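Survey of secondary and tertiary structure
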Amino acid sequence: MDDGQRALLALLQQYRGPAPIIFPKRIEPSPDGTSRMAASPFDDVFEKNSRLSWAHASFETDAGGAVRDWHEWLQVCTSSGAEWLPSVPVRLAAVVETLPSGLDRPAAMATHDATCAPSSGESARKPKRLFIGPRLTGEGRASAADAQSIPASMLLNPEISRNDARLFGGRVVFIGATHASAGDIWLTPSGVLPGVELLANTVRF
């Protein structure tokens with residue numbers, strides 16, 4: 001564990017803030033064809049802190065390699081059998097204090113089989129179509145009433161005065177890299193987008 005991970009671990013261990021924190025969980029294929037959650041140095045901390053939770057951030061690509069769909073739940077295998085890992089939007093709907101009008105809390109998925117089977121790309125429900133609105137990042141980004149992009153330099157520079165309550169209060173905040181060298185770049189019918197923007201759109205729409 002490097003210095004950055006140790007600092008993050010210390011922050012998460014003592015975190016008791018009102019806002020829940022959701023981390024995407026990396027999913028890895030196993031030699032037996034099943035999908036499993038990658039081990040993390042933060043697993044024990046998440047287990048003990050109800051303000052922290054995991055979710056999946058996986059997308060489905062079509063034959064041309066473009067992302068078009070995502071699943072609300074993803075089956076993963078553990079040492080005790082099959083489990084259902086919620087997507088970021090589903091986990092968010094389960095833990096936020098107040099939901100927008102017209103939305104209900106998601107019902108927990110029951111484990112349907114104690115024995116893990118090789119992944120077939122299927123989930124318990126039909127995939128959700130990925131809708132993409134006006135760009136939130138990059139050169140083509142446009143101003144949107146329901147979302148905005150804030151550069152990290154603005155948040156990390158102590159000489160910049162900010163109104164954090166106005167910027168972040170009552171909002172869902174995604175933290176992610178948008179530069180090409182981050183490697184989190186996806187082809188979509190609307191062009192190439194960073195993964196953090198895809199996740200933001202699953203929540204927006």
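Residues numbered from 1 in each chain as written. Predicted model: local features only at pLDDT ≥ 70, side-chain atom pairs only at ≥ 80, totals over all residues. Heavy atoms only, no water.

1. What about the overall build of the protein chain?
- Of the regular secondary structure elements, the protein chain holds 6 helices and 11 strands.
- What you see for the protein chain is a C-alpha radius of gyration of 18 Å, in line with the 17 Å of a compact globule of 205 residues.
- The dimensions of the protein chain, computed from C-alpha atoms along their principal axes, are 55 × 40 × 40 Å.
- Split into buried and exposed, the 205 residues of the protein chain put 30% on the buried side.
- Pairs at least 24 residues apart make up 60% of the contacts formed inside the protein chain by residues separated by at least 6 positions.
- Of the roughly 13000 Å² of accessible surface on the protein chain, a fraction of 53% belongs to carbon and sulfur atoms.
- Here the protein chain contributes 20 positively and 22 negatively charged side chains, and the mean placements of these two sets differ by 5 Å. (Helix = DSSP H or I, 4+ residues; strand = E, 2+ residues; numbered from the N terminus. Rg over C-alpha atoms; globule rule 2.2 N^0.38 Å. Buried < 20%, exposed > 50% of the residue type's maximum accessible area, 1.4 Å probe, protein only. Contact = heavy atoms within 4.5 Å. Areas by Shrake-Rupley, 256 points an atom, 1.4 Å probe, with all protein chains shown as cover. Lys, Arg positive; Asp, Glu negative; His and termini not counted. Charge placed at Lys NZ, Arg CZ, Asp CG, Glu CD.)

2. Some remarks on empty space enclosed by the protein
- Scanning all chains against the criterion turns up 2 cavities of 30 Å³ or more.
- The volume enclosed by the largest cavity comes to roughly 50 Å³.
- Along the walls of the largest cavity sit His56, Ala57, Ser58, Phe59, Trp70, His71, Ser87, Pro89, Leu199 and Thr202, which together make up its complete lining.
- Per-class residue counts for the lining of the largest cavity are 5 nonpolar, 5 polar and no charged. (1 Å grid on protein atoms, 1.4 Å probe; cavity = no way out; pocket = protein on both sides within 12 Å on 5 of 7 lines; lining within 4 Å. Points joined across faces, edges and corners; volume = space filled by probe spheres on them. Nonpolar A, V, L, I, M, F, W, Y, C, P; charged D, E, K, R; others polar.)

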